[in-house]
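Listed below, chain by chain, are the residues.
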Amino acid sequence: MPEELIRAREMDSKVYDVQDKNKKALEFIQDVTSNAQEVQNRVLDEILSSNADVEYLRRHGLNGHVDRDTFKKVMPVITYEDLQPDIERISNGDTLKILCSQPISEFLTSSGTSGGERKLMPTIDEELGRKSSLYSLLMPVMDQFVPGLDKGKGMYFLFIKSEAKTPGGLLARPVLTSYYKSSYFRDRPYDPYTNYTSPNETVLCSDSYQSMYSQLLCGLCQNDEVLRVGAVFASGFIRAIRFLEKHWTSLCNDIRTGTIDPQITDLSVREAVMKILKPNPRLADFIEVECRRRSWKGIITRLWPNTKYIDVIVTGTMSQYIQTIDYYSNGLPLVCTMYASSECYFGVNLNPLCNPSDVAYTLIPTMAYFEFLPFNRKQEVSGSSKLNASDQLELVDLVDVKIGHEYELVVTTYAGLYRYRVGDILKVAGFKNKAPQFHFICRKNVVLSIDADKTDEVELQNAVKRAANHLSPFDARLIEYTSYADLSKIPGHYVLYWEIGYNNDTPIPPSVFEDCCLTVEESLNSVYRQGRVSDKSIGPLEIKIVETGTFDKLMDYAVSNGASINQYKAPRCVKYEPIIQLLNSRVVSKYFSPKCPEWVPGHKQWYNNN
């Protein structure tokens, strides 16, 4: 049945009552946060009871116990590497109850990495309902601060990404691709809060160019109805604005004539867009005037004048994009609504209009069983990710964390993760009743990130080491290096600063340094390579060669600002502007990767085995 008929039927029969649904959602939040410990005990009991006979729990000696004390005593705190053998068994087709009593329906590919590949997170069908329930809380919370959002539409740039099948036949794909392709999104009943300018067909189009073009076209056609705009990540939202900068003339032509650019060849997309697109010369002229202006400052509020806020994630590494979004939006509020990952959906922001630096997420106790490992930055520098017995005893429950303290998040999920270290570092900001609220501090060990990519120090070091082998035939060596995520252009790109030691005067051809760039890229994880090859969200990697002695100057600068000369080591990533200026002032040459690295969906070994 067409959406218009569904809407008319439900509105006529008064099936949908916005305020009643909002009230029930807020009452739910009040209830579960007031009874956080009781809810957490119930969640753990449900998880352990339903999975009592699975191999993983029996292997560690839980033996059917569902109480918290026994669980904490016998079950180890783990990382992905600990779980990887079981994940590989399932991905290869083993149907025994290894991690979960319910069948693993698919794997969700994490943007974290393991051995240069995406992590595979097991999930079950019922998790989609749990995720949908968290989504249903977001707009009732928002309505308290910005009422009337049910009277217009949201312009959200949503995209699916590539998926693959494991050797055992299970799908492996990003968590949002899984959700958008599910009936919870595709066949959602009428809800004024999920009334988007983008038809489902444009979101589900696998061609990123056609998807972006058609979503922008539909958003422009309905510009007066748009009350909020957004994307998942800040980087994706900026990419949409830069796409508009490049293609606005074609978009205006489509609006003026009521026809779609021939480059949009997906028939389902064309059909969906034509239900919205009508000849509108007046709107086309308006858009053209605004886009032809010398400055694009405030372009969001100029083209979509009723927009009340920008809905994007700007916490963590995404905070680097705040200034750019402020420029394009004339300082509209930046709203971060929820906190989630491939492993689990976690919580919501109950104060969505706060400053981005003050965002705190309230963990919803029904989503999983949560524990917290006290995080010590000084100890972390020394390195080992393994926990000894005393470390494991330090884990605290959801209601027992302390304000101002930092913790690493540990989850036990309905889908078969038990005491799993997510790798997110959180700081307790306060409480909503008995449930804590957390600032997201960072991903553990991540040094570089442009979009969904996360490159840690070890991965970067291994990639640089491989690339530096190209210098050996010229009797040269890499003395020192650091890195920087350059966001001055879209897409952003990785920059490596290399100081080279030469044993003779033999010049090194530029092609050798270009090979070094490509080798680094080939050595990075599949999320990075997908961003380069498929998503076009990351630009070519750049190596800048700096003068001899540059890293001595860098140390002098650090020591002059209070660093201990005995403990100093060159940073593997720099973000502080004066340091970047120092490095750039000593650049003698620079080189870019000459082509994209290799990338295909899935894991390398899946293809090697076929």
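This text follows the structure it describes.
What counts and what doesn't
- Residues numbered from 1 in each chain as written.
- Predicted model: local features only at pLDDT ≥ 70, side-chain atom pairs only at ≥ 80, totals over all residues.
- Heavy atoms only, no water.
- 1 Å grid on protein atoms, 1.4 Å probe; cavity = no way out; pocket = protein on both sides within 12 Å on 5 of 7 lines; lining within 4 Å.
- Points joined across faces, edges and corners; volume = space filled by probe spheres on them.
- Helix = DSSP H or I, 4+ residues; strand = E, 2+ residues; numbered from the N terminus.
- Salt bridge = Lys/Arg side-chain N within 4 Å of Asp/Glu carboxyl O.
- Pairing = 2+ DSSP bridges.
- Contact = heavy atoms within 4.5 Å.
- Axes fitted to C-alpha atoms, helices over the stretch in contact; angles between N-to-C directions.
- Buried < 20%, exposed > 50% of the residue type's maximum accessible area, 1.4 Å probe, protein only.
- Core = buried A, V, L, I, M, F, W, Y, C linked by side-chain atoms within 4.5 Å.
- Parallel < 35°, antiparallel > 145°, perpendicular 65-115°, else oblique.
- Left-handed = near helix turned anticlockwise from the far one by under 90°.

Novice: What is the right way to read empty space enclosed by the protein from this model?
Specialist: This structure, assessed with the given rule, holds four cavities of 30 Å³ or more. Taken as a whole, the largest cavity encloses approximately 120 Å³ of empty space. Lining the largest cavity are 17 residues, and of these Thr-109, Arg-118, Ala-172, Pro-601 and Gly-602 sit closest to its centre. Elements supplying a minimum of two residues to the lining of the largest cavity: β2 (117-123), β5 (171-173) and α21 (526-533).

Novice: Would you explain the pattern of salt bridges in this entry?
Specialist: When the charged atoms of two side chains lie near each other, side chains of opposite charge can form a pair. Summed over all chains, the structure comprises 30 salt bridges. In this structure, the salt-bridge partner of Arg-59 is Glu-55, at a minimum N-O distance of 2.9 Å. One end of the pair is Arg-59 and the other is Glu-55, both in helix α4 (residues 55-59) and four residues apart, which spans about a single turn. The shortest N-O distance in the salt bridge between Arg-59 and Asp-86 comes to 2.9 Å. With a gap of 27 residues between them, Arg-59 in helix α4 and Asp-86 in helix α6 (residues 80-91) connect regions that are remote in the sequence. A cluster of three or more residues bridged by salt bridges with shared partners is formed by Glu-55, Arg-59, Asp-86, Arg-89 and Asp-94.

Novice: Any chance you could explain the sheet that holds strand β3 (residues 153-157) here in plain terms?
Specialist: Backbone hydrogen bonds hold the strands of a sheet together, and the pairing may be parallel or antiparallel. Spatial strand order, β3-β6-β7-β8: four strands in an open sheet with parallel pairing. The sheet terminates laterally at β3 and β8 (334-335), the two strands that pair on one side only. Note: strand β6 (residues 226-233) against strand β7 (residues 309-313), four bridges, orientation parallel. In the sheet register, Val-229 faces β7, and the bridge partner there is Ile-310. Against the sheet, helix α11 (residues 208-221) engages β3 and β6, with an angle of about 160° to β3.

Novice: Sorry if this is basic, but what is going on with the sheet that holds strand β10 (residues 345-348) here?
Specialist: Strand order in the open sheet formed by eight strands is β9-β10-β11-β16-β15-β14-β12-β13, with antiparallel pairing between adjacent strands. Edge positions in the sheet fall to β9 (338-340) and β13 (396-397), since each of these pairs with one other strand and no more. Taken together, the eight bridges between strand β15 (residues 420-432) and strand β16 (residues 435-443) define a ladder with antiparallel strand orientation. Directly across from Ile-425, in β16, lies its bridge partner Cys-442. The sheet contacts of helix α7 (residues 126-143) involve β9 and β10, and relative to β10 the element is tilted by about 15°.

Novice: Got a minute to help me understand the pairing of strand β14 (residues 406-412) in this structure?
Specialist: As a general feature of sheets, a regular strand has side chains that alternate between the two faces. Taking burial as the measure, the seven residues of β14 include seven buried ones, the bulk of the element. Going residue by residue along β14, you find Glu-406, Glu-408, Val-410 and Thr-412 tucked away on one face and Tyr-407, Leu-409 and Val-411 tucked away on the opposite face as well. The sheet contact formed by β14 and β15 spans five bridges and is antiparallel. By the bridge assignment for β15, Val-411 is matched with Tyr-420.

Novice: Before we go on, may I ask you to explain the nonpolar core in this structure?
Specialist: Buried together is how nonpolar side chains tend to be arranged in soluble globular proteins. In terms of nonpolar packing, the biggest core is built from 150 residues, with Phe-237, Ile-300, Phe-370, Phe-372, Leu-409 and Trp-498 touching the most fellow members. For this core, the element with the most residues is helix α12 (residues 234-257), which contributes 11 residues. Setting aside chain neighbours within four positions, we find Trp-498 in contact with Val-464, Ala-467, Ala-468, Leu-471, Leu-478, Glu-480, Tyr-481, Cys-516, Ile-543, Lys-544, Ile-545 and Val-546. Grouped together as the second largest cluster of nonpolar side chains are 17 residues, Leu-149, Ile-160, Tyr-180 and Val-335 included.

Novice: How should the side chain of Glu-127 be read in this particular structure?
Specialist: Its location among the elements puts Glu-127 in helix α7. Under the relative-accessibility criterion, Glu-127 is labelled buried at 6%. If sequence neighbours within four positions are ignored, Glu-127 has contacts with Tyr-414 and Ala-415.

Novice: Explanation requested: the packing of α12 against helix α16 (residues 322-329) in the structure shown.
Specialist: A packed helix pair is summarised by two numbers, namely the angle formed by the two axes and the spacing between the axes. Contact geometry of α12 with α16 gives a least axis separation of 10 Å together with a crossing angle of 45°. It follows from the interaxial angle that α12 and α16 lie oblique. As α12 runs across α16, the sense of the crossing is left-handed. Between α12, through Ala-234, Phe-237, Ile-238, Ile-241, Arg-242 and Glu-245, and α16, the contact on the second element is made entirely by Thr-324, Ile-325 and Tyr-328.

Novice: Quick question: what am I supposed to make of unusual backbone geometry here?
Specialist: Note the cis peptide between Ile-490 and Pro-491, where omega equals 0°. Position of Pro-491 relative to the elements: it lies in the loop between β19 (476-486) and β20 (493-502). Unusually for a residue other than glycine, Asn-433 sits at a positive phi of about 55°. Structurally, Asn-433 can be placed in the loop between β15 and β16. Overall, the relative accessible area of 35% leaves Asn-433 in the partly exposed class.

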